[in-house]
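# Fold and contact review
Below, each chain spelled out in residue letters.
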Amino acid sequence: MTIVVGYVPTPEGEAALTQAIAEAKKSKETLLVINSSKGDALVDNRFAQEPEIQSIEDRLAGHGIQHIIKQPIRGHDAAAEVLDAAEEHDAGLIVIGLRRRSPVGKLIMGSVSQRILLEADCPVLAVKAD
C-alpha cells in the first residue's frame, strides 16, 4: 500500500509532509506526494516550483523513503487529485494539512479538506502546523 500526502508550499503543507514522512518511515510504505494545480491561473502559489520539489526529493531520499512526486495540471481541484491518486495507488492512508481557524471558521472547514475527509476510502490523518 501507499501513503498519499497532499502537499502545498505552506506551513500546513510542510506539517502534512513531515507527518507523512514519519508514517512512511514507520510503515516502510511508499510515499506519494501530490502537488496539483488546476492550471487556470498564470500564477498558482500553491503549486510548488522546481527548487521546492528538488528539496522534497532530497529530503525523502535522505530518509531512505521510496517515493513518487506528482504535479498534475489537469483542471481538477486538489481534493479530486488526492482522492484519485489514493484510489489509483491503493492508499492505506492519506495525510493532509489543516489551517487554524476562528470559532466561526471551524463551523465550515475548507472545502478541499472536507471533501477528502468525507470521500476517502481509507483513513485520513489531518495535521495542523505548529
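Residues numbered from 1 in each chain as written. Predicted model: local features only at pLDDT ≥ 70, side-chain atom pairs only at ≥ 80, totals over all residues. Heavy atoms only, no water.

## What about the side chain of Ser 37?
Stated formally: Working definition: helices are DSSP H or I runs of at least four residues, strands are E runs of at least two. Numbering for both runs from the N terminus. Each residue's exposure class comes from its accessible area (1.4 Å probe, protein chains only) as a fraction of the maximum for that residue type: buried when under 20%, exposed when over 50%, partly exposed otherwise. We define a polar contact as two N or O atoms separated by no more than 3.5 Å, with the added condition that, inside protein, one atom must be a possible hydrogen donor and the other a possible acceptor, whereas residues neighbouring each other in sequence contribute only through side-chain atom pairs. Contacts are assigned to residue pairs that have any heavy atoms within 4.5 Å of one another.
Residue position: Ser 37 is located in the loop between strand E2 (30-34) and helix H2 (50-62). On the basis of relative accessible area, Ser 37 is assigned to the buried category, the value being 7%. A distance of 2.7 Å separates a polar atom in the side chain of Ser 37 from a polar atom in the side chain of Asp 44. Beyond its immediate chain neighbours, meaning those up to four positions away, Ser 37 contacts Asp 44, Phe 47, Pro 72, Ile 73, Arg 74 and Gly 75.

## A look at the pattern of salt bridges
When the charged atoms of two side chains lie near each other, side chains of opposite charge can form a pair. Rules: One speaks of a salt bridge when a side-chain nitrogen belonging to Lys or Arg is within 4 Å of a carboxyl oxygen belonging to Asp or Glu.
Considering all chains together, one arrives at seven salt bridges under this definition. For the salt bridge of Arg 74 with Glu 81, the shortest nitrogen-to-oxygen distance reads 2.7 Å. Among the residues examined, Glu 81 registers a relative accessible area of 3% and is labelled buried. A salt bridge links Arg 115 to Asp 77; the shortest N-O distance between them is 3.1 Å. On the criterion of sequence distance, the pair formed by Arg 115 in helix H5 (residues 111-119) and Asp 77 in the loop between strand E3 (67-70) and helix H3 (78-88) is long-range, its members being 38 residues apart. Residue classification places Arg 115 among the partly exposed positions, given a relative accessible area of 30%. Beyond isolated ion pairs, a larger network of salt bridges with shared partners links Arg 74, Glu 81 and Asp 84.

## Things to note about the nonpolar core
Filter applied, for reference: Buried Ala, Val, Leu, Ile, Met, Phe, Trp, Tyr and Cys residues form a nonpolar core when they are joined through side-chain atoms within 4.5 Å.
Counting residues in hydrophobic clusters, the biggest one holds 20 residues, and the most contacted among them are Ile 3, Val 5, Leu 17, Leu 31, Val 33, Leu 60 and Val 95. Elements with a minimum of two residues in this core: strand E1 (2-6), helix H1 (11-27), E2, H2 and strand E4 (91-98). Counting residues per element, this core draws most heavily on H1, which supplies six residues. Among residues more than four places away in sequence, those in contact with Leu 31 are Ile 3, Val 5, Leu 17, Ala 20, Ile 21, Ala 24, Leu 60, Ile 65, Gln 66, His 67 and Ile 68. Counting residues in each nonpolar core, the second largest holds 15 residues, with Val 4, Ala 79, Leu 98 and Cys 122 among its members.

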